[in-house]
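# Descriptive analysis of the structure
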Amino acid sequence: MSRRSRSRARQTGWDIVGVIVFIVMVFPVFWMISTAFKPDDEIVSLTPTWVSLHPTLAHFRDAINRPYFWQDVRNSLIVVLATVVISIILAFLAAVALARYRFRARTLFIVLVIGIQMLPQAGLIIPLYVVLARFHQVNALTGLVVTYMTFVLPFCVWMLRGFLLGIPKDLEEAAMVDGSTRLGVFVKILLPLMGPGLVATSVFAFITTWNEYIFARVLLNDQSKQTVTVWLSYFLGTSRHTDWGALMAASTLTAIPVVIFFLIVQRRIAFGLTAGAVRG
Amino acid sequence: MQETPSTAIAAGTQASRRRRRSRGRFLQAATPYLLIAPVVIVIAVILGYPLYWLGKLSTERYGLFELIQHAGTSIGLDNYRSVLHDEIFWRTLLRTVIFTAVIVGLTMTIGMALALLLVRVSRPVRLLLSSGLILVWSMPVVVAVQVWYWMTNFQNGVVNHVLTQLHVGDYFQHDWYATTFSQLGMVSLLIIWGALPFVAITLYAGLAQVPADLVEAAEVDGARPWRVFVDITLPIIKPILLILTSLSIIWDFGVFTQPYLLIQQSKIHAGNYLMSIYLFEEGYFKSDFGRGAAISVLMLAIVAILSIVYVRRMVRIGNEA
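Each residue is numbered by its place in its chain's sequence as written, counting from 1. Starting at A for chains and at 1 for ligands, labels are handed out in the order in which the entities are written. Only residues with pLDDT of 70 or above have their local features reported here, since the model is predicted, and side-chain atom pairs are shown and tallied only from 80 upward, although totals for entire chains, interfaces and linings are computed over all residues.

## Considering the overall build of chain B
Condition: Secondary structure is summarised from DSSP: a helix means a run of H or I of at least four residues, a strand means a run of E of at least two, and numbering begins at the N terminus for each. Only the C-alpha atoms count toward the radius of gyration. The rule for a globule is 2.2 Å times the residue count to the power 0.38. Put plainly, a residue is buried at 20 or more neighbouring C-beta atoms within 10 Å of its own, exposed at 12 or fewer, and partly exposed in between, counting only other residues' C-beta atoms, which are placed from the backbone. Contact between two residues is assigned whenever their backbone-derived C-beta positions fall within 7 Å.
Along chain B, the regular secondary structure elements total 13 helices and two strands. For a compact globule of 321 residues, the expected C-alpha radius of gyration is about 20 Å, and chain B comes in at 29 Å, more than 25% above that figure. Each principal axis of the C-alpha atoms in chain B carries an extent, and together these give about 115 × 75 × 30 Å. By residue count, 39% of the 321 residues in chain B fall in the buried class. Restricting to contacts in chain B with at least 6 residues of sequence separation, those with at least 24 account for 67%.

This is the structure in structure tokens:
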């Protein structure tokens, strides 16, 4: 075998391994979608059907007509939007301080921002539950928003800081020399340039909050007050006969907004470590 | 001496200018503090206050009755004593440490292999594989748990079918959740599957920093691929590896959702507790908040120690800019 054909054979070998790895990794996602569209007899059959020839939307209809689905989607949206909007505004100010100023308490503040993100959520269940119970905020969406801000806020500060560092200081300095005020610089120069960064950070905060499970599970007991992840986690618990089709349809519906958003923004930060904060 | 109006005005403006300048300097120094103030205040209230309560609760008898009364009875360090004398605590700690070590080891090894594979494959396959990884990355944990459970259910799980078809063994109606070992094994696989995309893609980005000519030169000199990897690639991506490893340790030590939902509540017992589950069951589920708080404090202390490496590195990064 000539040298070139040997290296081509090796390349093909690597490519085959790559495709096999792709199939193994993606299979669970494929199986979820495939099951969601299958008629019941194909789901319970002992020999699996890979792709149904008779796809049906019945499971999706079933899932969205389950009690509390729309109510809980609404709850999730309220909690997510409130958390993200408040966090982004407050975090942006702090990020400007970190990216543009040197000050004495700087290191301390960085330790705070990074340290909080490392706290295991389970370790905070008990104090948050007891404190919120004292203020009658258990079973209330406001209590959950406050809880989510504990970790979304530091995460947004750190991520926005990264984006701010990408904007050259010279631009602002030039505008200051030209007689702009600090506020003017902020509104006219920093804000427009930060647009993509603000969007990306908001989307990541959206995803983390939408996916959150443990706090929502502990703090919201009333079925009409739950978020969509808790709704999904209770899906099986109601009957002895498991409706896999509806469960997979519900799972698909829960994942769709996250997947779409993630695909939009991941390019911006896939190669930055900040993105890691999204891992469940 | 009679002051002319003009000099008086001049002196006045000079003084006010000086005042204005010093006020400007003060504002300049205060600006960063004003900017971080909202975040610091909010965190102090929504996290600082509960953490103060955590400490307080851990020294009190605080159950459902006390929760309704809004008052606990101080019992000193009894909660800590009770936890530290609890054999289940130590077994859970040991189990969680082994569990974390295995998962982090496997995640980093497979993640590294995937990153190297991404370098080797041709462009279209790389695009395919990285899009697949990103799709997996974006799966919400609760969704992943449900899919995993469906794939491995003992009646007609597709995993059982495929393994039987591939002649790996007879897994017809095999119950993957029958023993503690296989329960935690399933949880581990789920966690590794979910963590791989982040690790692999980040390491792949790190590999781009390895100078190609350096590798080529080594290969021309006859270095074997393994030596190239150990002597050239590894030292360059070591900082990224270190950050990823410490992050994974911290996350996997405190993992809750995957084991809690996959093993299912009815099958969770003292014999398969992980740290977060132990805390949840003993503190929240049994409404023994005082003892739960003591467990939380111990757990937070352990994670704080685990986080030192990561936090120090991040502080350095934060101060560089």
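Having put the structure on the table, let's press on.
## Re the overall build of chain A
From N to C terminus, chain A includes twelve helices and zero strands. Counting from the amino terminus, chain A carries its helices and strands in the arrangement α-α-α-α-α-α-α-α-α-α-α-α. With the principal axes as the frame, chain A shows a C-alpha extent of 75 × 75 × 35 Å. The buried share of chain A, reckoned over its 280 residues, is 45%.

## Quick word on the packing of helix H4 (residues 69-100) of chain A against helix H9 (residues 182-211) of chain A
All names here are of chain A. Basically, it comes down to this: With axes taken as lines fitted to C-alpha atoms, and helix axes fitted only over the stretch in contact, angles between N-to-C directions fall between 0 and 180 degrees. Put simply, angles under 35 degrees are roughly parallel, angles over 145 are roughly antiparallel, angles from 65 to 115 are roughly perpendicular, and the rest are oblique. Put simply, a crossing is left-handed when the front helix is turned counterclockwise from the back one by less than a right angle, and right-handed when it is turned clockwise. Any residue that is not Ala, Val, Leu, Ile, Met, Phe, Trp, Tyr, Cys, Pro, Asp, Glu, Lys or Arg is counted as polar, Gly included; the first ten are nonpolar and the last four charged.
With their axes 9 Å apart at the nearest point, H4 and H9 run at an angle of 140° to one another. Judged on the interaxial angle alone, H9 and H4 are oblique. The handedness of the crossing between H4 and H9 is right-handed. On H9, the residues that touch Ser76, Val79, Val80, Thr83, Val84, Ser87 and Ile88 of H4 are Leu198, Thr201, Ser202, Ala205, Phe206, Thr209 and Trp210. Class assignment of the residues belonging to the contact of H4 with H9 gives a composition of eight nonpolar, six polar and no charged.

## Observations regarding helix H5 (residues 123-137) of chain B
Rule in force here: Given the number of residues in a helix, its expected span is that number minus one, multiplied by 1.5 Å. This arc corresponds to the set of directions leading from the helix axis out to the C-beta atoms.
When the terminal C-alpha atoms of H5(B) are compared, their 21 Å separation across 15 residues agrees well with the 21 Å that a helix rising 1.5 Å per residue should span. Burial in H5(B) covers these residues: Val125(B), Leu129(B), Ser130(B), Gly132(B), Leu133(B), Val136(B) and Trp137(B). Across the axial projection of H5(B), the buried residues extend over an arc of 155°, all falling on one side. Facing away from the buried side of H5(B), by more than 90 degrees, are the exposed residues Arg123(B), Pro124(B) and Leu127(B). At its buried positions, H5(B) is contacted by helix H1 (3-36) of chain A together with helix H4 (87-120) and helix H8 (180-207) of chain B.

## With respect to the interface of chain B and chain A
In this complex, chain B contributes 80 residues to the contact, which on the side of chain A involves 82 residues. If one sorts the elements of the side of chain B that touches chain A by residue count, helix H1 (residues 5-57) of chain B sits on top with 17 residues. For the side of chain B that touches chain A, the per-class residue count stands at 60 nonpolar, 19 polar and one charged.

## Quick notes on the environment of Met186(B)
Residues and elements named next belong to chain B. Looking at the secondary structure, you find Met186 in helix H8. Taking the C-alpha atoms as reference points, Met186 and Gln258, separated by 72 residues in sequence, lie 9.6 Å from one another. Ignoring any residue separated from it by four or fewer positions in sequence, one finds Met186 in contact with Thr152, Trp176, Tyr177 and Leu262.

## Focus on the packing of helix H12 (residues 275-285) of chain B against helix H13 (residues 289-320) of chain B
Residue and element names in this part refer to chain B. Two numbers describe how H12 lies on H13: the axes approach to 7 Å, and their chain directions differ by 160°. When the interaxial angle is binned, H12 and H13 end up roughly antiparallel. Here the hand of the crossing between H12 and H13 comes out left-handed. Contacts between H12 and H13 involve Met275, Tyr278, Leu279, Glu282, Gly283 and Tyr284 on the former and, on the latter, Phe289, Arg291, Gly292, Ala293, Ile295, Ser296 and Met299.

## Some words on unusual backbone geometry
A positive phi is found at His136(A), a non-glycine position, where the angle reads about 55°. Mapped onto the elements, His136(A) comes out in the loop between helix H6 (122-134) and helix H7 (141-165). If you check the backbone angles, His167(B) has positive phi at about 60° while not being a glycine. Summarising the element assignment, His167(B) is placed in the loop between helix H7 (158-165) and H8.

## Description of the domain arrangement of chain A
Residues and elements named next belong to chain A. Our working definition: Start and end positions for the domains come from either an automated domain assignment or a database one.
With domains assigned, chain A is organised as domain 1 (3-56) and domain 2 (71-278). A C-alpha centroid distance of 34 Å is found between domain 1 and domain 2. Taken together, the contacts link seven residues of domain 1 with six residues of domain 2. At the level of secondary structure, the elements contributing two or more residues to the side of domain 1 that touches domain 2 comprise H1 and helix H2 (40-44). Considering every element that reaches the side of domain 1 that touches domain 2, the biggest residue donor is H1, with four residues. Residues of the side of domain 1 that touches domain 2, tallied by class, amount to four nonpolar, one polar and two charged.

## Comments concerning the nonpolar core
What counts is decided by this rule: Here, a nonpolar core means buried Ala, Val, Leu, Ile, Met, Phe, Trp, Tyr and Cys residues linked by C-beta atoms lying within 7 Å of one another.
With 160 residues, the main nonpolar core has Ala91(A), Ala94(A), Leu153(A), Val157(A) and Ala200(B) as its most contacted residues. Discounting chain neighbours no more than four positions away, the residues touching Ala94(A) are Val157(A), Leu35(B), Ile36(B) and Val39(B).

## Looking at H12(B)
Extensive coverage of H12(B) is indicated by the burial of eight of its eleven residues. Where H12(B) is concerned, the buried positions are Met275(B), Ser276(B), Ile277(B), Tyr278(B), Leu279(B), Phe280(B), Glu282(B) and Gly283(B). The secondary structure elements touched by the buried residues of H12(B) are H6 of chain A together with H4, helix H10 (225-253), helix H11 (257-262) and H13 of chain B. Of the residues flanking the end of H12(B), it is Ser287(B), one or two places downstream, whose phi is positive at about 55°.

## Describing the environment of Asp175(B)
Residues and elements named next belong to chain B. Within the element layout of this structure, Asp175 appears in the loop between H7 and H8. Of the residues examined, Asp175 has 14 C-beta atoms within 10 Å and is grouped as partly exposed. Placed 23 residues apart in sequence, Asp175 and Thr152 show a C-alpha to C-alpha distance of 8.1 Å.

## Describing the confidence of the model for chain A
Residue and element names in this part refer to chain A. Rules: Across the chain, each position has a pLDDT score giving the predictor's confidence in that residue, from 0 to 100.
When the pLDDT values of chain A are averaged, the result is 87; 93% of them are 70 or greater. The least confident element of chain A, judged by mean pLDDT, is helix H8 (residues 169-177) at 79; the most confident is H4 at 94. Across residues 270-280, confidence stays below pLDDT 50; counting only partners more than four residues off in sequence or on other chains, it has 27 contacts.

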